[in-house]
Amino acid sequence: MDIHQLRRRNEELSILNAIAQELNRELSLEKAMQSTLERVVALMSLRTGWIWLFTPEGDAAYVAASYQLPPVFYQSPELLTGTCYCIEKYRADDLDSAANISEITCSRLKNLTDGTEGLRYHASVPLFSSGKKVGILNVLSVQSQQLSTDKLQLLYTIGDMLGIAIERARLFGQSHQMGIIEERNRLARELHDTLAQDLTAISLKLETLSALWGSKDDNKLQQLLQETQSLTRNSLEEARRSVLDLRATPLEGHRLIEALEQLLQQGEAEGQLQGTFEVLGTYRPLSMRQEMGLYRIVQEAINNVIKHAEAKQLLLELSYQDETLLLSIQDDGCGFDPEAEPEGAFGLQGISERVKLLGGQLDLQSSPDLGTLVQINIPLSR
């Protein structure tokens, strides 16, 4: 290993350390994926990349993060929808054959020339969360190139780290539950006490190697190399061991629509209500934080209709619009004077706080004996 290789390894491990630290402190899944994707492209000296995530039920995939997409995808956005070679291989548990850039041409760019910026080849890294398939990380290149075993190992380690970030994002959605908070903190401590610390030690050893390079103390150099290699192997193993089977969220295994249907059915049984659920527009998944927030808002609203409204009919409507999602909850109950805000009625304070956290707007319409309409407008994540 010459001085140039040592410097390159030091740079790679520094970037990996930075990724570990950012994933450790970042609880927003969108920000974590975007930041990681940009660093991975830089780490591998590639051009662009994207991350596919599967909907909770696993029947559809969507682009959750992208970096430096070529113009063709903006001109023809349908190219980033539907299935492809990698997704089919992933579903068939056969993604190894698509592991290296030299071994696969991106099926979305194949036979295209204009607007591709010459991009053709990519590496594909499977993403898992609690042992379940959650997505694919793709990094793209203009030319076919054989990634070294070390670089492929780093890519798969980063994939494991993203799996941890996905799990932590789901836990954050339930952060009001003390057990979930403790689990999230445990993950943060584990990353800090193992992977981040080891990578810092590796970086320091490589700096020492760089300083000693050219000296005649071969024994010392050999010892430092062996120690660095051992720390690197241990760090990569720790990253994999950190992907644990954590608690599931209330939305685990369900789309938001299916979860809301179940809530409404429970409300019908408990409150002797006749419920109606309508979905308008084309469904698309939201961030885990948004879906969990909407789930809790509907749950709180239904519970308070049962307790206070004396209603017989309840209409729940979810409308997917171009830039926003409109949630409406309407009952034919006793209603109230919104100016008076009677204590405990409909949990308005809790609903209002959740709407603000989601960056949305709340509109309340009610009057005595005429029922209540709650409308919530939430900006859709891109």
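Structure first, text after, so check above.
Summarised in this report is the structure supplied together with it. (Residues numbered from 1 in each chain as written. Predicted model: local features only at pLDDT ≥ 70, side-chain atom pairs only at ≥ 80, totals over all residues. Heavy atoms only, no water.)

## Quick word on the packing of helix α8 (residues 256–271) against helix α9 (residues 288–309)
So, point 1. Between α8 and α9, the shortest axis-to-axis distance is 10 Å and the interhelical angle comes to 10°. The angle between the axes of α8 and α9 places the two elements in the roughly parallel class. Between α8 and α9, the residues in contact are Leu256, Ala259, Leu260, Leu263, Leu264, Gly267, Glu270 and Gly271 and Glu291, Leu294, Tyr295, Val298, Gln299, Ile302 and Ile306, respectively.
So, point 2. In terms of residue class, the contact of α8 with α9 is made up of 10 nonpolar, three polar and two charged. (Axes fitted to C-alpha atoms, helices over the stretch in contact; angles between N-to-C directions. Helix = DSSP H or I, 4+ residues; strand = E, 2+ residues; numbered from the N terminus. Parallel < 35°, antiparallel > 145°, perpendicular 65-115°, else oblique. Contact = heavy atoms within 4.5 Å. Nonpolar A, V, L, I, M, F, W, Y, C, P; charged D, E, K, R; others polar.)

## A look at the pairing of strand β9 (residues 372–379)
So, point 1. Two elements, strand β7 (residues 324–331) and β9, share eight bridges in a ladder whose sense is antiparallel. Each residue of the ladder has a partner; that of Gln330, found in β9, is Leu373.
So, point 2. In this sheet, β9 lies alongside strand β8 (residues 361–366) in antiparallel orientation, the contact comprising six bridges. Bridge pairing in β9 places Leu364 opposite Val374. (Pairing = 2+ DSSP bridges.)

## Focus on the side chain of Arg108
So, point 1. Tracing the sequence through the fold places Arg108 in the loop between α4 (85–91) and β3 (121–129).
So, point 2. Buried charge without a partner: Arg108 forms no salt bridge, and the closest opposite charge is Glu88, 8.4 Å away.
So, point 3. Only 3.0 Å separates the side chain of Arg108 from the backbone oxygen of Thr81, close enough to count as a polar contact.
So, point 4. Within polar-contact distance, the side chain of Arg108 engages the backbone oxygen of Gly82 at 3.0 Å.
So, point 5. Those residues in contact with Arg108 that sit more than four places away from it in its chain are Trp52, Phe73, Leu79, Leu80, Thr81, Gly82, Thr83, Cys84 and Ile87. (Buried < 20%, exposed > 50% of the residue type's maximum accessible area, 1.4 Å probe, protein only. Lys, Arg positive; Asp, Glu negative; His and termini not counted. Salt bridge = Lys/Arg side-chain N within 4 Å of Asp/Glu carboxyl O. Polar contact = N/O pair within 3.5 Å; in protein donor to acceptor, adjacent residues only side chain to side chain.)

## A word on the pattern of salt bridges
So, point 1. Per the stated rule, a full pass over the model turns up one salt bridge.
So, point 2. Its salt-bridge partner being Glu117, residue Arg47 comes within 3.2 Å of it at the nearest N-O pair. With Arg47 in the loop between α2 (29–43) and β1 (48–54) and Glu117 in the loop between α4 and β3, the pair connects residues that are 70 residues apart, well separated along the chain.
So, point 3. On the accessibility criterion, Glu117 (45% relative accessible area) is partly exposed.

## Side note on α2
Helical periodicity: at 3.6 residues per turn, an α-helix aligns residues three or four positions apart in one direction.
So, point 1. If you check α2, its first and last C-alpha atoms are 21 Å apart, about what 15 residues at 1.5 Å a residue would give, namely 21 Å.
So, point 2. Taken together, the buried positions of α2 are occupied by Leu29, Ala32, Met33, Thr36, Leu37, Val40, Val41 and Leu43. One side of α2 holds all its buried residues, which, seen down the axis, span an arc of 155°.
So, point 3. Ser45 occupies a position one or two residues after α2 and carries a positive phi of about 55°. (Expected span 1.5 Å × (residues − 1). Arc of directions from axis to C-beta.)

## Focus on the sheet that holds β7
So, point 1. Pairing is mixed in the open sheet, where five strands are placed in the order β5-β6-β7-β9-β8. Where the open sheet ends on each side, the last strands, each with one partner, are β5 (274–280) and β8. Neighbour-to-neighbour, the strand axes of this sheet turn through a mean angle of 10°, independent of strand direction.
So, point 2. Here β5 runs beside strand β6 (residues 313–320); their pairing, made up of seven bridges, is parallel. Within the sheet, the bridge partner assigned to Leu280 lies in β6 and is Ser319.
So, point 3. Sitting on the sheet, α8 is in contact with β5 and β6, with an inclination near 165° to β5.
So, point 4. Each of β6, β7 and β9 is contacted by α9, which is oriented at about 10° to β7, the strand it contacts most.

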